[in-house]
Structures are given as structure tokens and as C-alpha cells.
Amino acid sequence: MALDQILARMRAAERAAGRGEGSVTLIAVSKVQPADRVQAVLDQGHRVFGENYVQEAAAKWPAWRAAYGPLQVHMIGPLQTNKAKLAVDLFDAIHTLDRPSLATKLASLAQARGALPQLFVQVNTGEEPQKAGVLPADLSAFLRDCRAMDLAPHGLMCIPPEDQDPTPHFAMLARMAADHGLSGLSMGMSGDFETAIAHGATHIRVGSAIFGARAYPTP
Ligand SMILES: *Cc1c(COP(=O)(O)O)cnc(C)c1O
């Protein structure tokens, strides 16, 4: 079964990096996957999932939470400010805090409700114009502004450019997290999660290698 294989490869990568067993969290990215594939992974006991779209997650996860008990759902897709309220009610973590307007919105939601999901700041390590994320040069100021609003990000997240070796991007993200005293590192996908673990990933986001190819392409 694909999940078992991915878990075994994760454990081997943890060992090879001299890291403790279980130091990396596997986020099974279930966006646009048919329900039977997701249920098969739930039935195998996996409890940490990732979604890209607020509406899709809102339609799927409340029933599975009720049926399967405690589980974590992580938001890993771009988050529109007008969906932030729904998102903080739905998700256990948001990996895509990427701009001041979203930080301001989350800070006001935190004031109103007292707690927020765990937050990761998305960094555009490849400085790609079409990609979301704070530019590396702007990260210090962005984190300072977040902390001034009483937001306490747990870590950093990146999606390296598709056509490049991800290694320097993972190394850069790890260095920036260490520089800013952040312990979470969300990096690595189906094709490169072992490299990400070697560079200190605490959360890997793996979709197609667990569930198979997605039914339609996603942005
Ligand atoms: C879809 C997605 C993934 C999973 O990608 P796979 O290549 O299927 O493992 C990981 N991270 C983000 C941000 C995604 O949008």
C-alpha cells in the first residue's frame, strides 16, 4: 500500500539524517481526490491531511471528523482574506500566511476567538512572480509585523520552482527559520520529500505518491 511505503521511506530518511523517528509529520494531501481513496487512508489509521481549497475542505472534513475522531486538516493552498474566518474554524494549521492583509485579518480573528490554527509563513524562495509567498528579503519585516499583532508563526513553508533542484530552496528555508527562531519547516512533496527531510523538514506534504494522480490538474 502506498501509505506504508511512504511512511517507510520517511522513517529511512529520518534515520539517514540522524533525526528521531517520528520527528517529521506526514501531511497526506487529499485535494480533489475521490472520497474512497481518502477513506482508505483514514481506515489505515492516518490522521493528518492537507487541503488546498476552503470550500472543498468544508464539504468533506466535518463528516470525517465526526466519523473518525480526532484528526488534523492543514490548509496548504492560497487563502483569500474573505475565507479566513471559515478557514480558522475548519483547519488545524494554515501553511500559507503570505501577505500583510491576511496577517491583519488573522490577528483580528484571534482577538475575537482567542486561538488560531498553527501558522506557517509561505516564503517565495524562488522569487517567482506568479507564486504566492513573502520574498526572502521581506521576511524579517513581515515576521516583525506579525509579532507586533500578537501572531506567533510556528514555522516557514515553501514550494520550490518546479523546474529546479529543490535542495538550495530547502536549505535557504531552513536557514531563514533558524535565523528567526522558528521550529516548523513545511517543505517537500511527492518528488522530493526525502531531500526535504535531509534539510530539516518537520512537515512534508505528499499527495500523488499516496493517493495516485489527481483527477484534474490544480494550480
Ligand atoms: C498539491 C500540493 C502538494 C502535494 O503535491 P504532490 O506532488 O501530489 O505530492 C503539496 N504542497 C502543496 C502546496 C500543494 O498544493
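Here is what the cut-offs are and how they apply
- Residues numbered from 1 in each chain as written.
- Predicted model: local features only at pLDDT ≥ 70, side-chain atom pairs only at ≥ 80, totals over all residues.
- Heavy atoms only, no water.
- Helix = DSSP H or I, 4+ residues; strand = E, 2+ residues; numbered from the N terminus.
- Rg over C-alpha atoms; globule rule 2.2 N^0.38 Å.
- Buried < 20%, exposed > 50% of the residue type's maximum accessible area, 1.4 Å probe, protein only.
- Contact = heavy atoms within 4.5 Å.
- Areas by Shrake-Rupley, 256 points an atom, 1.4 Å probe, with all protein chains shown as cover.
- Lys, Arg positive; Asp, Glu negative; His and termini not counted.
- Charge placed at Lys NZ, Arg CZ, Asp CG, Glu CD.
- Expected span 1.5 Å × (residues − 1).
- Salt bridge = Lys/Arg side-chain N within 4 Å of Asp/Glu carboxyl O.
- Near = heavy atom within 4 Å.
- Polar contact = N/O pair within 3.5 Å; in protein donor to acceptor, adjacent residues only side chain to side chain.
- Phe/Tyr/Trp six-rings, centres within 6.5 Å; stacked < 30°, edge-to-face > 60°.
- Pairing = 2+ DSSP bridges.
- Right-handed = clockwise from strand over helix to strand, strands pointing away.

S.K.: In this structure, what is going on with the overall build of the chain? I would like to understand it.
M.R.: Counting its secondary structure elements, the chain contains nine helices and eight strands. By the compact-globule yardstick of 17 Å for 219 residues, the chain fits well, its C-alpha radius of gyration being 17 Å. Looking at the chain as a whole, 47% of its 219 residues qualify as buried. Counting only contacts in the chain whose residues sit at least 6 apart along the sequence, the fraction spanning at least 24 positions is 57%. Carbon and sulfur atoms make up 53% of the accessible area of the chain, which totals about 9800 Å². Mean positive and mean negative side-chain charge positions of the chain (20 and 21 charges, respectively) differ by 4 Å.

S.K.: Hey, could you run me through helix α7 (residues 167-179) in this one?
M.R.: Since one α-helical turn is 3.6 residues long, residues separated by three or four positions face the same way. Taking 1.5 Å per residue, 13 residues should reach 18 Å; α7 reaches 18 Å between its end C-alpha atoms and fits that length. Tucked into the core, α7 has its buried residues touching α6 (139-148), β6 (155-157), β7 (184-186) and α8 (193-198).

S.K.: Sorry if this is basic, but what is going on with the pattern of salt bridges here?
M.R.: Between side chains of opposite charge, pairing is possible as soon as their charged atoms come close. Per the counting criterion, the structure on display carries 10 salt bridges. The residue Asp 89 makes a salt bridge to Lys 85 at a minimum N-O spacing of 3.8 Å. Here Asp 89 pairs with Lys 85, and both are found in helix α4 (residues 84-90), just four residues apart, close to one helical turn. Between Glu 128 and Lys 131 there is a salt bridge; the shortest N-O distance is 2.8 Å. Since its relative accessible area comes to 14%, Glu 128 is described here as buried. The partly exposed category is assigned to Lys 131, whose relative accessible area is 21%.

S.K.: Would you take a moment to explain the site of the ligand for this structure?
M.R.: Looking at the ligand, there are 13 residues lining it, with Lys 31, Asn 52, Ser 190, Ser 208 and Arg 214 nearest. In this structure, Arg 205 approaches the ligand through a side-chain N or O atom, which is 2.9 Å from a nitrogen atom. Taking 390 Å² as the accessible area of the ligand by itself, protein coverage stands at 90%.

S.K.: What is the right way to look at the packing of aromatic side chains in this model?
M.R.: Taken as a whole and judged by the stated rule, the model has two aromatic pairs. Between Phe 49 and Trp 61 the ring centres are 4.8 Å apart and the planes differ by 40°, which places this aromatic pair in the tilted class. Of the two residues, Phe 49 is situated in strand β2 (residues 48-51) and Trp 61 in helix α3 (residues 54-68); the sequence distance between them amounts to 12 residues. We classify Trp 61 as buried; its relative accessible area is 1%. On the basis of an interplanar angle of 65° and a centroid distance of 4.8 Å, the ring pair of Trp 61 and Trp 64 is categorised as edge-to-face. Taken together, the residues span about one helical turn, with Trp 61 and Trp 64 both in helix α3 at a distance of three residues. Overall, the relative accessible area of 10% leaves Trp 64 in the buried class.

S.K.: Can you help me understand the pairing of strand β1 (residues 25-29) in this one?
M.R.: The side chains of a regular strand alternate between both faces of the sheet. Burial runs high along β1: four of the five residues are buried. As paired strands, β1 and strand β8 (residues 203-206) are joined by four bridges and run parallel to one another. Paired with Ala 28 across the two strands is Val 206, which belongs to β8. Two strands pair when backbone bridges link them, and β1 and β2 are joined in this way by two bridges, in the parallel orientation. Looking across to β2, one finds that Ala 28 is bridged to Phe 49. Regarding topology, helix α2 (residues 35-43) serves as the crossover connection from β1 to the parallel β2, and that connection is right-handed.

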